[in-house]
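Chains, contacts and geometry: an overview
In case you want the letters, here they are:
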Protein chains: 2
Amino acid sequence: MKLSKKDKVLIVGLGLIGGSYAKGLKNEGFYVGAVSINPDDISYALDNSIIDSGTTFLDENYIKQFDVVIFALYPTTLVNWIKEHQHLLKKKAKLTDVTGVKSSIIYEIQNILRKDLTFIGAHPMAGKETSGVRNSDPSIFINANYIITPTDKNDIKDVEFAKNIGELLHFKNIVALTPKKHDEMIAFLSQLTHCIAICLMTNQNCEHFSLFSGDSFRDLTRIAKINENMWPELFLMNKEKLLYEMDLFIKEMEKLKGYIINDNKEEIKQMMITSTERRKIFDKWFEGNSLWTWYLKESFRFLKM
Amino acid sequence: MKLSKKDKVLIVGLGLIGGSYAKGLKNEGFYVGAVSINPDDISYALDNSIIDSGTTFLDENYIKQFDVVIFALYPTTLVNWIKEHQHLLKKKAKLTDVTGVKSSIIYEIQNILRKDLTFIGAHPMAGKETSGVRNSDPSIFINANYIITPTDKNDIKDVEFAKNIGELLHFKNIVALTPKKHDEMIAFLSQLTHCIAICLMTNQNCEHFSLFSGDSFRDLTRIAKINENMWPELFLMNKEKLLYEMDLFIKEMEKLKGYIINDNKEEIKQMMITSTERRKIFDKWFEGNSLWTWYLKESFRFLKM
């Protein structure tokens, strides 16, 4: 189901991602409102045409006008918001989110949700090393991936709705995964990589090594500038899967260490051949056509829908 | 000591870095020759104005004309070349290199070197995920670091000579470190990061994860496309220091794992605050003025010169 240009969109939480969604959808001609606890963020967003209207008050008359609600909150805040304030939402409103973990929130939300509302999870795989609405920029979505996470509480219309938001924001690839698969992917692709970047910066005093480094260290630690209020929550809410990925990675590093200790040049070379081949295929997948349909079918098969 | 425009420059080894040096110095108006074992590389470089002349034969009459010789060979090949062919070099020729490890080759070279020749080590901290002269491009040096590694066999004139090459190739920061300090730095900043990138690609089948990844995984694995003929040699020739860095990093990952296991949100947050602060300072150092003079002084102090 595609959004109609008459649909009014509410962004709940006006940070980097909320602000980028707002501006991107406003650019596409939608009326965009916002709710934030921070009056400065609302003023800034109004002054810079990121939103059409906004408030810090959870006013029923204001919120009731919105057909589509996009939650851009920290995970625990999102669940609490639904619990406490879902009575304010318009009848039959369509809800989605941008949260970085899924299993630990999505079933809980769908279980407590009013029967007339629909909620479908989505996760834009894009960001910046800065936070806040002042750094928002919808161009971060161009060339990025967007993952929809349907459950057995969702139908194909919900998925089409989430897909349409991804299209309106110009994501490169739009795919669907179960919440479980999403969390496994994210533990490896996003959370583990952030752990690595952090540990590269914290394991020794290396601030001034900048004069000796090549691009590699610079690239690997770019994401070491991290929002310390949001990420611990994301790590802990996906704890089991992240720990599994950390162990797998450390085991691989230990394997390589063993080859180096034993001067096993041939095995080191083989690992490099494998990593080179895989990274080349990785690039090709990303550059290829979106495999959305295939992935969606796979997800639904997985969900037995 | 600056190069004179009358100095003829010979590049020994015409791969990605050798080719990039050749083109960069030719652009600056120098006569540039090349020696390579591969006739195709010489033809390509001649056809594309990367060199003025070149040969696959170690012909004394050809080699004797060059005042400056830059070795762009794999580390073991470099040492053997000096051993077997240094008699071909012009009297009082000035030699330098681009090798990624220093302690394990530089003292050996300086010990066997003809008394009239001078050799000073240097390491351009730049590269690409492709190899060969066909991918050479001197613009990779702009915005990159260049490390000179003097020993007690070198004097200030040698350092000035290496510095001048760095300037002619438009490196951003030119610094000097002892071979030992260089190898410690490189173990951490370059070799460890390549180990991490390799292990991220080899620890599981992840070629098709490209559709789910954000920039972070893409950035952290860019260097997983690696020259499998050169890098095992670099790892093994700097083995002790690389293993030390791998251990330090794995220990830090284990520490973070412990915090996650114990839901220690506050300690995770503290690590993120540290990593963010350090990465910000790291950026500032790189963007600041070159601290070459200071580092040079430090190196010489260290060398007791």
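No experiment lies behind these values; they were computed from the predicted model shown. Residues take numbers from 1 onward in each chain, read along the sequence in its written order. Both sets of labels track the order of writing: A upward for chains, 1 upward for ligands. Selection of residues for local features in this predicted model requires a pLDDT of at least 70, selection of side-chain atom pairs for listing and counting requires 80 or more, and totals for whole chains, interfaces and linings are taken over all residues.

All names here are of chain A. For two strands to be treated as a pair, DSSP must find at least two bridges joining them. Put simply, DSSP marks the helices as runs of H or I at least four residues long and the strands as runs of E at least two long, and each gets a number from the N terminus on. The strand order across the open sheet formed by eight strands is β3-β2-β1-β4-β5-β6-β7-β8, and the pairing between neighbours is mixed. The sheet terminates laterally at β3 (53–55) and β8 (173–176), the two strands that pair on one side only. Sheet twist, expressed as the average angle between the axes of neighbouring strands with direction ignored, equals 20°. Where strand β5 (residues 94–97) meets strand β6 (residues 118–125), three bridges bridge the pair, whose relative direction is parallel. Note on β6: the bridge partner recorded for leucine 95 is phenylalanine 119. Across the sheet, helix α6 (residues 156–168) lies against β5, β6, β7 (145–149) and β8, angled at about 35° from β6, the strand it touches most. The convention used is that axes are lines fitted to C-alpha atoms, helices contributing only their stretch in contact, and that angles between N-to-C directions extend from 0 to 180 degrees. The contact criterion used here is simple: two residues whose C-beta atoms, placed from the backbone, lie within 7 Å are in contact.

Turning next to helix α7 (residues 179–202) of chain B. At every residue, the bend is computed as the angle between two fitted axes, covering the seven residues ending there and the seven beginning there respectively. At alanine 187 of chain B, α7 of chain B shows its maximal bend, which comes to roughly 40°. Within α7 of chain B, 21 of the 24 residues are buried, which leaves it mostly tucked inside the rest of the structure. Put plainly, a residue is buried at 20 or more neighbouring C-beta atoms within 10 Å of its own, exposed at 12 or fewer, and partly exposed in between, counting only other residues' C-beta atoms, which are placed from the backbone.

So, about the sheet that holds strand β3 (residues 53–55) of chain B. All names here are of chain B. Ordered in space as β3-β2-β1-β4-β5-β6-β7-β8, the eight strands form an open sheet in which the pairing is mixed. Looking at the sheet topology across the chains shown, the edges are occupied by β3 and β8 (173–176). Adjacent strand axes in the sheet meet at a mean angle of 20° when their direction is disregarded.

Rotating chain A by 180° and translating it 0.0 Å along the rotation axis places it on chain B, where the RMSD comes to 0.0 Å. Here the two chains are linked by the operation of a two-fold rotation axis. No C-alpha of chain A approaches the rotation axis more nearly than that of leucine 220 of chain A, which lies at 2.4 Å. Taken as a fraction of all interface residues of chain A, those also at the interface in chain B reach 100%, which identifies the copy contact as same-surface. In this comparison the copies share one frame, found by least squares on the C-alpha atoms of residues holding pLDDT of at least 70 in both.

Once that is clear, we can look at the interface of chain A and chain B. The partner chain B presents 78 residues to the 78 residues of chain A that form the contact. For the side of chain A that touches chain B, the secondary-structure elements that each account for two or more residues are β7, β8, α7 (179–202), α8 (215–221), α9 (231–237), α10 (239–261) and α11 (265–287) of chain A. It is α11 of chain A that contributes the most residues to the side of chain A that touches chain B, 16 residues altogether.

Here we take up α11 of chain A. Owing to its 3.6 residues per turn, the α-helix aligns residues three or four sequence positions apart on the same side. In a regular helix each residue adds 1.5 Å, so 23 residues correspond to 33 Å; α11 of chain A covers 33 Å between its end C-alpha atoms and thus fits that length. Where α11 of chain A is concerned, the buried positions are Ile268, Met271, Met272, Ser275, Arg278, Arg279 and Phe282 of chain A. Against the buried residues of α11 of chain A lie α10 of chain A together with α7, α8 (215–221) and α9 (231–237) of chain B. Expected helix span is computed as 1.5 Å times (number of residues minus one).

For histidine 170 of chain A, which is not glycine, the phi torsion reads 65° and is therefore positive. What makes histidine 170 of chain A partly exposed here is the crowd of 16 C-beta atoms within 10 Å.

Residues and elements named next belong to chain B. Position of asparagine 48 among the secondary structure elements: in the loop between α2 (39–47) and β3. Of the residues examined, asparagine 48 has 13 C-beta atoms within 10 Å and is grouped as partly exposed. When the C-alpha positions of asparagine 48 and asparagine 164 are compared, they lie 25 Å apart, and in sequence the two are 116 residues distant.

Before going further, it helps to spend a moment on the nonpolar core. Residues Ile11, Ala34, Val69 and Ile198 of chain A together with Ile11, Val69 and Ile198 of chain B are the most contacted members of the largest nonpolar core, which totals 186 residues. Once residues lying within four places of it in the same chain are set aside, the contact partners of isoleucine 11 of chain B are Gly18, Tyr21, Ala22, Val32, Ala34, Ile70 and Ala72 of chain B. For the purposes of this analysis, a nonpolar core is taken to be any set of buried Ala, Val, Leu, Ile, Met, Phe, Trp, Tyr and Cys residues that are connected through C-beta atoms within 7 Å.

All names here are of chain A. Throughout, the edges of the domains are those of an automatic or database domain assignment. By the assigned domains, chain A splits into domain 1 (8–178 + 290–302) and domain 2 (183–287). Between the C-alpha centres of domain 1 and domain 2 there is a distance of 29 Å. For this classification, Asp, Glu, Lys and Arg are treated as charged, while Ala, Val, Leu, Ile, Met, Phe, Trp, Tyr, Cys and Pro are nonpolar and the rest, including Gly, are polar. Class assignment for the residues of the side of domain 1 that touches domain 2 results in four nonpolar, five polar and two charged.

Between α11 of chain A and α7 of chain B, the least distance of the axes is 8 Å, while the angle of their chain directions is 70°. Considering the angle they form, α11 of chain A stands roughly perpendicular to α7 of chain B. For the crossing formed where α11 of chain A meets α7 of chain B, the hand is left-handed. Between α11 of chain A and α7 of chain B, the residues in contact are Met271, Met272, Thr274, Ser275, Arg278 and Arg279 of chain A and Ala197, Ile198, Met201 and Thr202 of chain B, respectively. Of the residues that constitute the contact of α11 of chain A with α7 of chain B, the class distribution is five nonpolar, three polar and two charged. Each angle gets one of four labels, with under 35 degrees taken as roughly parallel, over 145 as roughly antiparallel, 65 to 115 as roughly perpendicular, and the rest as oblique. Throughout, a crossing is termed right-handed when the near helix is turned clockwise from the far one, and left-handed when it is turned anticlockwise from it by less than a right angle.

What follows covers the pairing of β8 of chain B. All names here are of chain B. A two-sided burial pattern is seen for β8, the buried positions comprising Asn173 and Val175 on one face and Ile174 and Ala176 on the other. Two elements, strand β7 (residues 145–149) and β8, share four bridges in a ladder whose sense is parallel. Within β8, the position partnered with asparagine 145 by the bridge is asparagine 173. Each parallel crossover has a hand, and for β7 linked through helix α6 (residues 156–168) to β8 it is right-handed. Seen with the strands pointing away from the viewer, any crossover whose path from the first strand over the helix to the second strand runs clockwise is right-handed.

Turning our attention to the packing of helix α4 (residues 75–85) of chain A against helix α5 (residues 103–112) of chain A. All names here are of chain A. Running from N to C, α4 and α5 point in directions that differ by 5°, and their axes come no closer than 10 Å. If you check the angle between α4 and α5, you find them roughly parallel. Between α4 and α5, the residues in contact are Pro75, Leu78, Val79, Ile82 and Lys83 and Ile105, Glu108, Ile109 and Ile112, respectively. A breakdown of the residues in the contact of α4 with α5 according to their chemical character gives seven nonpolar, no polar and two charged.

Here the focus is the pairing of strand β2 (residues 31–35) of chain B. Residue and element names in this part refer to chain B. The element β2 is extensively covered by neighbouring structure, given that four of its five residues are classed as buried. With five bridges connecting them, strand β1 (residues 8–12) and β2 associate as parallel partners. In the sheet register, valine 12 faces β2, and the bridge partner there is valine 35. Note on the crossover from β1 through helix α1 (residues 16–27) to β2: the handedness is right-handed. With three bridges connecting them, β2 and β3 associate as parallel partners. Bridge pairing links glycine 33 to serine 53 in β3. Handedness of the β2-α2-β3 crossover: right-handed.

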